[in-house]
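# Chains, contacts and geometry: an overview
Single-letter residue listing:
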Amino acid sequence: MQAIPAHLPRGEDGYVDWSQVDVAKLEIPNGDDMGIPSDDEGVDEAEVTTESGFGSVIVVDNLPCVPEAKLAKLTTVLGKIFGQIGTVREGGLSMPVDKGMTKGFAFVEFHTPQEAAAAREQTDGYKLDKAHIFKVSKFDDFAKYDAVSDAYKQPEPKPYSAKENTQSYMLDERGRDQFAIRFGDETEIHWNDAQTKEPVEVYKRSHWTESYVQWSPRGNFMATVHRQGVALWGGPSFARFQKFSHNGVQFIEFSPCERYLASGSTHDPANARDQATVVINFFDTRTGAKLRNFQGPVSEFASGASKGLTWPVFKWGGPSPEGAFFAKMGKNSVSVYAAPEMALVDKKSIKLEGVVDFCWSPADPILSVYQPERGGGNEPARVALILLPSKKELRSKNLFSVSDVRMFWQTSGDYFAVKVDRHTKTKKSIYSGFELFRVKEPDCPMEVLELPDKNEKIIAFAWEPKGHRFAVIHGDGARPDVSFYTMIDKDSAINKVKLIGTIKNKTANHLFWSPAGKVIVLAGLKTMNGQFEFFNVDEMETMASAEHFMATDVEWDPTGRYVTTAVTSVHQMENGFHVWTFNGKLLYKNGKEKFYQFLWRPRASSLLSAEGEAEIVQNLKKYSKRFEELDESIRNQQDTHLAAEKQGVTDEWNRYLASKREELATETYVVAMQTLMTARYPAWTAEGSDDVQETEVQVEEIISVTEEPLIM
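Throughout what follows, the structure given in this document is the object of discussion. (Residues numbered from 1 in each chain as written. Predicted model: local features only at pLDDT ≥ 70, side-chain atom pairs only at ≥ 80, totals over all residues. Heavy atoms only, no water.)

In terms of helices and strands, the protein chain carries six helices and 45 strands. The principal-axis extent of the C-alpha atoms belonging to the protein chain is close to 130 × 90 × 85 Å. In the protein chain, buried positions account for 39% of the 712 residues. For the protein chain, the computed accessible surface area is about 42,000 Å², with 51% contributed by carbon and sulfur atoms. Averaging the locations of the 82 positively and 102 negatively charged side chains of the protein chain gives two centres separated by 12 Å. (Helix = DSSP H or I, 4+ residues; strand = E, 2+ residues; numbered from the N terminus. Buried < 20%, exposed > 50% of the residue type's maximum accessible area, 1.4 Å probe, protein only. Areas by Shrake-Rupley, 256 points an atom, 1.4 Å probe, with all protein chains shown as cover. Lys, Arg positive; Asp, Glu negative; His and termini not counted. Charge placed at Lys NZ, Arg CZ, Asp CG, Glu CD.)

See the structure below:
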């Protein structure tokens, strides 16, 4: 940082008198931040410079060639598209005409170079129709490319620079997990240390994001969201690995393989009567390249019966050897795209009359879709499973008298459930049931499940992530029942759904299975004020009951060993989080004002086969010995540290006593005490020949008296 210029006026104290300084005329040296780091440090905003004076002009190519009679209409369309990004100067949209026809390109001039840069970024690749996809360039680029020499010059190879290991957190010798918290303007990353019963800080940063943070699905990256776009961070020092430009970005979504990132935003129209514009970009997370852009009015991206925009607009499919798939629902169709080409599978959408909902299997490229009843009830509702990329229909089921449908995939993709709310013939009451699909069994068999009292309200449903069981909260009262079912009946030759058991009168409205299965948290959130029950489904017994008043969130760590309950800023009081063991023992509490997010860091998928994992479970004592030794070592260190801390306090007290005794023995102290006693008690002598008597006298003083008339 350079010194403050000497010519600035200074006051009597020697400091600059800023009241006499015209700040607007000050020039800060290039590259000098004057010791004040930017809030957006690490998210570079591209500087727009121009030498020609045409920095605010872009050239839009690949437009339709239309006659002069249609020129005004095309100009209006382009004005709406680019007017949503920036302010187009009056008369700033020009399309050259030759022999009565436009030449297929246009010049657009904005008020600022920044608006022109944003327009180029957001509209390059914009699909006007099937035959016309915009190619947008800055006007200044033409002079730059024209100046390129025709003689080829081989570029200098860039020196290799090794990047940090984004999976270094997986190498922790104690097998701990990390989590991220966001509160106020702070974002912090910690180890969850069960032995010390407190979080251990790994990294922290102020103003790291402008809205929220998000881990990538395999935990390699932390994504931060900014006005200019998205940044990815990783490695032990959380260095920036990549950045993606998307002005005004609001939403992000990773593909399950982390190879791709979708970002979305909505932009208000220039004219209040027009629709808002939706912009969705797809990026390659390794190169930062933008692979595809989707842009249009909000009505083109609205989904479901609500006709509103719901994120994610595009949903990523489960992993597949054929590539990554993502899909968007449109009117009477679902459009499935394949990455990295980002093109429609088979160049056409899947036609599904009246489709209102769809979702992917988490484990396979299987699409489940729901079509409601049509034709006044003459055509039944329909649920279907479709395999990609072949688009083969694996199984379908017709449904009648349907009021509403919700679909649930099991994490491993083995099972699929459809909760169906049906209305009676009079349509005065609703009853519920389940359609259960065994997806990976031959011919995908299906069966129907109805509760003993089918008129009971179903409050929550959840599959066991690793296993074959599911849980249902049902009941109409304040304390509903919870039932557990299994998809495997060991007592029958044919698998069929079977009730394991029902527990009565529970304070619960949400279900949270451990990622490892076997254990579930029955949570009473919102109106139930944070009541929790840790339940062992194997033994059908409650391990512990607990309370975290006003809790809003529950999240398991990726191993299923610990679970977090949190109170976020939706409540003004008691913000923070509690960390519990899987069996309901409270490890520690951590209070934070303006608490926004708690996110466990995901772990990469296990490289072990199912047989390998089973072998470890069978010989767990052998494998856990090393970790038990580490835990014992830490406990010993804690005991040693505590003993040393106690000894330190004792030694400090003994030193204090010794110093006081030395002080009492000094002649100076004796003379001072004699002087004090003589002044207070004149008859006192050092030899103590005359007794000194002290008398305590209590004096009462009346401060005030108030007389009030007595009313009979």
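As a further point, take the packing of aromatic side chains. Across all of its chains, the model carries 43 aromatic pairs by this definition. When the centroid spacing of 6.0 Å and the interplanar angle of 10° are considered together, the rings of Y260 and W316 count as stacked. Placement of the pair is Y260 in strand β17 (residues 260–267) and W316 in strand β20 (residues 314–316), with a sequence separation of 56 residues. In this pair, the class of Y260 matches that of W316, namely buried. Where F314 meets F326, the ring centres are 5.7 Å apart and the plane angle is 70°; that geometry is what we call edge-to-face. One end of the pair, F314, is in strand β20; the other, F326, is in strand β21 (residues 324–330), with twelve residues separating them in the sequence. Across the pair, F326 and F314 agree in class, each one buried. (Phe/Tyr/Trp six-rings, centres within 6.5 Å; stacked < 30°, edge-to-face > 60°.)

So, on to the side chain of S333. Within the element layout of this structure, S333 appears in strand β22 (residues 333–339). In contact with S333, not counting residues within four places along its chain, are K328, S349, I350, K351, L352 and V355. (Contact = heavy atoms within 4.5 Å.)

This brings us to the pairing of strand β45 (residues 595–600). Across the six residues that make up β45, a large majority, five, are buried. Inspection of the sheet shows strand β9 (residues 178–183) paired to β45 by five bridges, in the antiparallel sense. When the bridges of β45 are listed, A180 appears paired with L599. (Pairing = 2+ DSSP bridges.)

At the junction of W311 and P312, the peptide bond is cis and its omega measures out at 5° in the coordinates. Relative to the elements of secondary structure, P312 occurs in the loop between β19 (290–297) and β20. Between L388 and P389 the backbone carries a cis peptide bond, its omega angle lying at 5°. With respect to the secondary-structure elements, P389 resides in the loop between β27 (381–387) and β28 (392–399). One non-glycine residue, N505, adopts positive backbone phi at about 55°. As for its position among the elements, N505 is in the loop between β36 (498–503) and β37 (510–513). With a relative accessible area of 45%, N505 lands in the partly exposed category.

In terms of nonpolar packing, the biggest core is built from 20 residues, with I58, V60, L78, F82 and F134 touching the most fellow members. For this core, the element with the most residues is helix α1 (residues 71–83), which contributes four residues. What I58 contacts, discounting residues up to four positions off in sequence, is F82, A106, F107, V108, F110, A116, A119, V136, S137, K138 and F139. (Core = buried A, V, L, I, M, F, W, Y, C linked by side-chain atoms within 4.5 Å.)

The next subject is the sheet that holds strand β1 (residues 57–61). One open sheet accounts for four strands, arranged β2-β5-β1-β8; its pairing is antiparallel. Looking at the sheet topology across the chains shown, the edges are occupied by β2 (88–94) and β8 (135–138). Neighbour-to-neighbour, the strand axes of the sheet open up by a mean angle of 20°, direction not taken into account. Note that β2 and strand β5 (residues 105–110) share three bridges and pair antiparallel. Within β5, the position partnered with S94 by the bridge is F107. α1 contacts β1, β2 and β5 of the sheet and is inclined by roughly 130° relative to β2. Packing against the sheet, helix α2 (residues 113–123) makes contact with β1, β5 and β8, and its axis sits at approximately 155° to β8. (Axes fitted to C-alpha atoms, helices over the stretch in contact; angles between N-to-C directions.)

With that settled, the discussion passes to α1. Taking 1.5 Å per residue, 13 residues should reach 18 Å; α1 reaches 18 Å between its end C-alpha atoms and fits that length. Of the residues making up α1, those classed as buried are L74, L78, I81 and F82. Here the buried residues of α1 occupy an arc of 85° about the axis, which is enough to place them on one side. Opposite its buried face, α1 presents the exposed residues A72 and K73, each directed more than 90 degrees away. Each element contacted by the buried residues of α1 is listed here: β1, β2, β5, α2, β6 (127–129) and β19. (Expected span 1.5 Å × (residues − 1). Arc of directions from axis to C-beta.)

So, on to the sheet that holds strand β13 (residues 222–225). If you trace the four strands from one edge of the open sheet to the other, you get β12-β13-β14-β15, paired in antiparallel fashion. Across the chains shown, the open sheet's two edge strands, defined by having one partner strand only, are β12 (213–215) and β15 (239–245). Neighbour-to-neighbour, the strand axes of the sheet open up by a mean angle of 25°, direction not taken into account. Here strand β14 (residues 229–234) pairs with β15 via six bridges, running antiparallel. Each residue of the ladder has a partner; that of G229, found in β15, is S245.

Below, the discussion takes up the state of the cysteines. Enumeration over the complete set of coordinates arrives at zero disulfides. Here C257 stays unpaired: no disulfide links it, and the sulfur of C359, its closest cysteine neighbor, is 19 Å away. Overall, the relative accessible area of 35% leaves C257 in the partly exposed class. Between C359, a cysteine without a disulfide, and C444, which holds the nearest cysteine sulfur, the sulfur-to-sulfur distance is 13 Å. (Disulfide = S-S within 2.5 Å.)

Looking now at the pattern of salt bridges. As enumerated under the stated definition, the model contains 27 salt bridges in all. Between R603 and D177 there is a salt bridge, with the nearest N and O atoms lying 2.7 Å from each other. On the criterion of sequence distance, the pair formed by R603 in the loop between β45 and α4 (610–618) and D177 in the loop between α3 (139–146) and β9 is long-range, its members being 426 residues apart. The exposure class assigned to D177 is buried, which follows from its relative accessible area of 4%. Linking R438 and E447 is a salt bridge whose minimum nitrogen-to-oxygen distance equals 2.7 Å. For the pair shown, R438 and E447 are each scored as buried. (Salt bridge = Lys/Arg side-chain N within 4 Å of Asp/Glu carboxyl O.)

Here the focus is the pairing of β21. For β21, a buried count of six out of seven residues is recorded, marking the element as mostly surrounded by other parts of the structure. Taken together, the three bridges between β20 and β21 define a ladder with antiparallel strand orientation. Residue pairing for β21: K315 is matched across the bridge by A327. The sheet contact formed by β21 and β22 spans seven bridges and is antiparallel. Note that in β22 the partner of G330 across the bridge is S333. Hairpin connection, β21 to β22: the antiparallel pair is bridged by two residues, and N332 has positive phi, about 60°.

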